[in-house]
Amino acid sequence: MSQYIERYQRRKLISSYFSVALSIALVLFLLGVLGLLVLNTKKLADHFKEQITISVFLKDNAKPVEIDQLQKSLALAEYTKSAEYISKEDAAEQYSEDIGENFEEFLGYNPLKNSIDVNLKADFVSSQQIDEIAEELAAKAYVDEVSYDKPLISLLNNNARKISLWILVASAIFTVIAVLLINSSIRLSIYSKRFIIKTMQMVGATKTFIRRPFIWTNIKLGMVGAVVALIGLGVLVYYIDKNFPELNLLQDYIVLIILFVSVFGLGVIISWASTHFATQRFLNLRTDDLYY
């Protein structure tokens, strides 16, 4: 009978440790994902900004040497990420593929113009800067028109600021929730041992002596939970980098190290603090209050 009770208590203890470690792992994983999002918000915004294209349409009488010179000067400009020359024949072929029919046969000629598509660096994607660049390019004699999507640029910049703000707010809220969830899991674990704590105190054990094994046990559970969370976070980062290589997540190893160390540190610190205050609460309770 005693062996059965001992096995039952051991299983119950293991189950309790497992639930605490799992809850810590899940919460820290979510915190890690939010941290990854916060640290890469600017990079995500920059990625979308750099998809904005300025199309520089050239006059039909533009000389090849002028076109070549313009393309090279654009490629070397401080605001340029990439500059690609697109001939009117290539543009017509691409447009025909998009609409599913050959419009040149219908019109009898190719109305499109030679152009240079310029993708800007993210720091230069603002309405004012793009207007200045467009005016400078349009002033050239062999440039027919400079075209870009003004409403999209304004919308992109406004939304980028709003999204960054809301991500910070959401991160702060989820951090508080994470602390409360981990704290609740540890408090429940210690609650089941409240009579042991009070018994040790009644036989003369000091508060520090009583707290020490609980704190050490839950710190180890916090470490286990943090390691599990970091493994999941590492898999997620690898998956994102494989499917979205333009974000270069794995190249920013300093950011990843900071994130991983922060998640691991949070697991240890929250476990320590929660255990300390939970055991302190039961140490300060009267014996009669343990039943409520």
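Residues numbered from 1 in each chain as written. Predicted model: local features only at pLDDT ≥ 70, side-chain atom pairs only at ≥ 80, totals over all residues. Heavy atoms only, no water.

For the chain, the name recorded in an unreviewed UniProt entry is Cell division protein FtsX, with Flagellimonas profundi as its organism. On record in UniProt, under Sequence similarities (unreviewed entry), the comment for the chain is "Belongs to the ABC-4 integral membrane protein family. FtsX subfamily." (UniProt positions renumbered as here; feature names shortened; annotations may be inferred.)

Visitor: Could you clarify how one ought to interpret the side chain of aspartate 117 in this entry?
Guide: Residue placement: aspartate 117 occurs in strand β3 (residues 115-120). A distance of 3.0 Å separates polar atoms of two side chains, one belonging to aspartate 117 and the other to serine 55. Not counting the four nearest positions on each side in its chain, aspartate 117 is found in contact with Thr53, Ile54, Ser55, Ser82, Ala83, Glu84 and Ile86. (Helix = DSSP H or I, 4+ residues; strand = E, 2+ residues; numbered from the N terminus. Polar contact = N/O pair within 3.5 Å; in protein donor to acceptor, adjacent residues only side chain to side chain. Contact = heavy atoms within 4.5 Å.)

Visitor: I would appreciate a short explanation of the sheet that holds β3 in the present structure.
Guide: The strands making up a sheet associate through backbone hydrogen bonding, with each pair oriented either parallel or antiparallel. Read from one edge of the open sheet, four strands run β2-β3-β1-β4, paired in antiparallel fashion. Either end of the sheet is taken by a strand with one partner, and the two such strands are β2 (80-86) and β4 (143-147). Direction aside, neighbouring strands of the sheet carry axes that sit 20 degrees apart on average. Where helix α3 (residues 64-76) meets the sheet, its contacts fall on β1 (53-58), β2, β3 and β4, and the angle it forms with β2 comes to roughly 160 degrees. Sitting on the sheet, helix α6 (residues 127-138) is in contact with β1, β3 and β4, with an inclination near 170 degrees to β4. (Pairing = 2+ DSSP bridges. Axes fitted to C-alpha atoms, helices over the stretch in contact; angles between N-to-C directions.)

Visitor: Looking at this structure, I do not really get the packing of aromatic side chains. What am I missing?
Guide: Tallying each qualifying case throughout the model produces one aromatic pair. Arranged with centres 6.3 Å apart and planes meeting at 65 degrees, the rings of tyrosine 79 and phenylalanine 124 form a pair that is edge-to-face. Separated by 45 residues along the polypeptide, tyrosine 79 in the loop between α3 and β2 and phenylalanine 124 in the loop between β3 and α6 bring together distant segments of the chain. Phenylalanine 124 carries the same exposure label as tyrosine 79, and that label is buried. (Phe/Tyr/Trp six-rings, centres within 6.5 Å; stacked < 30°, edge-to-face > 60°. Buried < 20%, exposed > 50% of the residue type's maximum accessible area, 1.4 Å probe, protein only.)

Visitor: Help me out: how do you make sense of a nonpolar patch on the surface in this one?
Guide: A cluster of nonpolar side chains, Leu165, Trp166, Val169, Ile173, Phe174, Ile177 and Leu181, forms an exposed patch at the surface whose accessible area comes to about 690 Å². The class of tryptophan 166 is exposed, set by a relative accessible area of 61%. (Patch = residues over 30% accessible without salt bridge, like charges linked within 9 Å, V, L, I, M, F, W, Y side chains within 5 Å. Areas by Shrake-Rupley, 256 points an atom, 1.4 Å probe, with all protein chains shown as cover. Salt bridge = Lys/Arg side-chain N within 4 Å of Asp/Glu carboxyl O.)

Visitor: Explain the nonpolar core to me, please; I cannot follow it from the model alone.
Guide: The nonpolar side chains of a soluble globular protein tend to be buried, and buried together. By size, the foremost hydrophobic cluster in this structure holds 28 residues, and its most contacted members are Leu28, Ile182 and Ile190. Contributions of two or more residues to this core are made by α1 (2-39), α7 (150-191), α9 (207-243) and α10 (253-284). With eight residues, the single largest contributor to this core is α9. By size, the runner-up hydrophobic cluster in this structure holds 25 residues, among which are Ile52, Ala62, Val118 and Ile153. (Core = buried A, V, L, I, M, F, W, Y, C linked by side-chain atoms within 4.5 Å.)

Visitor: Even after reading the chapter, I still don't get the pattern of salt bridges, so can you show me in this structure?
Guide: Opposite charge on two side chains allows them to pair when their charged atoms are near. One pass over the structure, following the stated rule, counts two salt bridges. In this structure, the salt-bridge partner of aspartate 68 is lysine 72, at a minimum N-O distance of 3.3 Å. Separated by four residues within a single helix, aspartate 68 and lysine 72 lie in helix α3, roughly one turn from each other. Among the residues examined, aspartate 68 registers a relative accessible area of 36% and is labelled partly exposed. Overall, lysine 72 belongs to the exposed group, its relative accessible area being 51%.

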